[in-house]
Amino acid sequence: MQAQTLEGGFAHPATDAANAFRGVMEAMARPGTIHNLTGATPPEPLSVAAGVTLLTLCDTETPLYLAGAADCEAVRAWVAFHTGAPICGPSHCMFALGTWEALCPLSAYPVGTPEYPDRSATLIVECADLAAEGETLIGPGIRDTARLSLPETEAFQSNAALFPLGLDFVFTSGDRIAALPRSTKVL
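Here's what I pulled together on the structure shown here. What you see is a predicted model; the values in this text were computed from it and never measured. (Residues numbered from 1 in each chain as written. Predicted model: local features only at pLDDT ≥ 70, side-chain atom pairs only at ≥ 80, totals over all residues. Heavy atoms only, no water.)

**A closer look at helix α3 (residues 48–57)**
Working note: α-helix, 3.6 residues per turn, so residues spaced by three or four point in the same direction. The test is simple: Buried residues are those whose accessible area, probed at 1.4 Å on protein chains only, stays under 20% of the maximum for their type, while exposed residues exceed 50% and partly exposed ones sit between those limits. Working definition: helices are DSSP H or I runs of at least four residues, strands are E runs of at least two. Numbering for both runs from the N terminus.
Of all ten residues in α3, nine are buried, a share of seventy percent or more. Of all the positions in α3, only A49, A50, G51, V52, T53, L54, L55, T56 and L57 are classed as buried.

Put into structure tokens, the structure is as follows:
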């Protein structure tokens with residue numbers, strides 16, 4: 001097993017995992033806010049925030065789909081060693097990771113069922129940049145409005161119309177993270 005596979009996880013697992021979980025949950029609870037995530041060094045092409053998010057949310061019972069450049073031997077080995085998450089196709093995943101272009105079409109992912117809306121996928125979208133500007137967001141966790149740079153608008157509007165079904169989104173760039181739950185409306 002290569003050293004790169006063994007390295008890059010949380011240096012202080014209990015503390016780093018707790019801090020990372022709080023950062024991810026803060027981002028989901030307050031859509032449009034940007035948070036920093038640190039504590040891991042995943043292999044390229046993953047950003048620090050994407051790697052930390054995987055370490056925080058994935059385990060042996062959370063199937064993961066790797067899209068585009070993220071689906072490489074270095075990432076597969078790192079994910080297997082640090083999380084044990086099984087790699088699968090988009091129609092069976094709980095989490096998916098890649099760039100917006102690599103993750104499309106969104107119709108490939110489970111959106112839950114009326115009986116089990118929680119059985120939907122969360123897409124971790126790697127972005128070149130992440131800024132509190134762009135589209136206007138409203139909904140739970142947002143006092144009045146928030147703004148977030150999104151790769152497009154229509155897909156998120158269509159997704160919100162499915163509520164309580166739909167996909168949840170986590171956006172990562174460098175060591176920064178923001179989230180867009182399915183309950184958030186994009187104007």
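**Overview of the packing of aromatic side chains**
Operational definition: Two aromatic rings from Phe, Tyr or Trp, using only the six-membered ring of Trp, form a pair when their centres are within 6.5 Å; if the ring planes differ by under 30 degrees the pair is stacked, by over 60 it is edge-to-face, and anything between is tilted.
As enumerated under the stated definition, the model contains six aromatic pairs in all. The interplanar angle of 50° and the centroid separation of 6.1 Å between the aromatic rings of W100 and F169 together place this pair among those described as tilted. Here W100 is found in helix α5 (residues 100–103), whereas its partner F169 is found in strand β7 (residues 168–173), with 69 residues between them in sequence. Each member of the pair, W100 as well as F169, carries the same accessibility label: buried. With a centroid separation of 5.9 Å and 70° between ring planes, the pair formed by F156 and F171 is classed as edge-to-face. In this pair, F156 sits in helix α6 (residues 154–161) while F171 sits in strand β7, placing the two residues 15 residues apart along the sequence. According to the relative accessible area criterion, F156 is buried, its value standing at 2%. The class of F171 is buried, set by a relative accessible area of 0%. Put simply, the rings of W100, F156, F169 and F171 pair up and form one aromatic cluster.

**Overview of the nonpolar core**
Across soluble globular proteins, nonpolar side chains show a tendency to be buried alongside one another. Note the cut-off: Definition of nonpolar core: a set of buried residues of the types Ala, Val, Leu, Ile, Met, Phe, Trp, Tyr and Cys, connected through side-chain atoms within 4.5 Å. Whether two residues are in contact is decided by their heavy atoms: any pair within 4.5 Å suffices.
In terms of nonpolar packing, the biggest core is built from 27 residues, with L54, L64, V79, L97 and I124 touching the most fellow members. Counting residues per element, the ones that place at least two in this core are α2 (13–29), α3, β2 (64–66), α4 (73–82), β3 (95–99) and β8 (176–180). Per element, the largest residue contribution to this core is six residues, and it comes from α3. Residue contacts for L97: discarding those within four places in its chain leaves L46, A50, L54, L64, Y65, L66, A67, A70, L103, I124 and E126. Y65, L103, V125 and F171 belong to the second largest nonpolar core, which has 26 residues in total.

**Side note on the pattern of salt bridges**
Quick note on the threshold: Salt bridge, as applied in this entry: a Lys or Arg side-chain nitrogen positioned within 4 Å of an Asp or Glu carboxyl oxygen.
On inspection of all chains with the given rule, the structure shows three salt bridges. Between D71 and R76 there is a salt bridge; the shortest N-O distance is 2.6 Å. For D71, a relative accessible area of 35% puts it in the partly exposed group. Residues D168 and R182 are paired through a salt bridge, measuring 2.9 Å at the closest nitrogen-oxygen approach. Here R182 lies in the loop between β8 and β9 (185–186) and D168 lies in strand β7, a separation of 14 residues in the sequence. This pair shows no difference in class: D168 is buried, exactly as R182 is.

**Overview of the sheet that holds strand β5 (residues 135–138)**
What links the strands of a sheet is backbone hydrogen bonding, and the strands pair in either a parallel or an antiparallel sense. Short version of the rule: When DSSP locates at least two bridges between a pair of strands, those strands are taken to pair.
Read from one edge to the other, the open sheet built from three strands follows the order β6-β5-β9, with strand pairing classed as antiparallel. Of all strands in the sheet, those bounded by a partner on one side alone are β6 (146–148) and β9. Two strands pair when backbone bridges link them, and β5 and β6 are joined in this way by three bridges, in the antiparallel orientation. Note on β6: the bridge partner recorded for T136 is R147.

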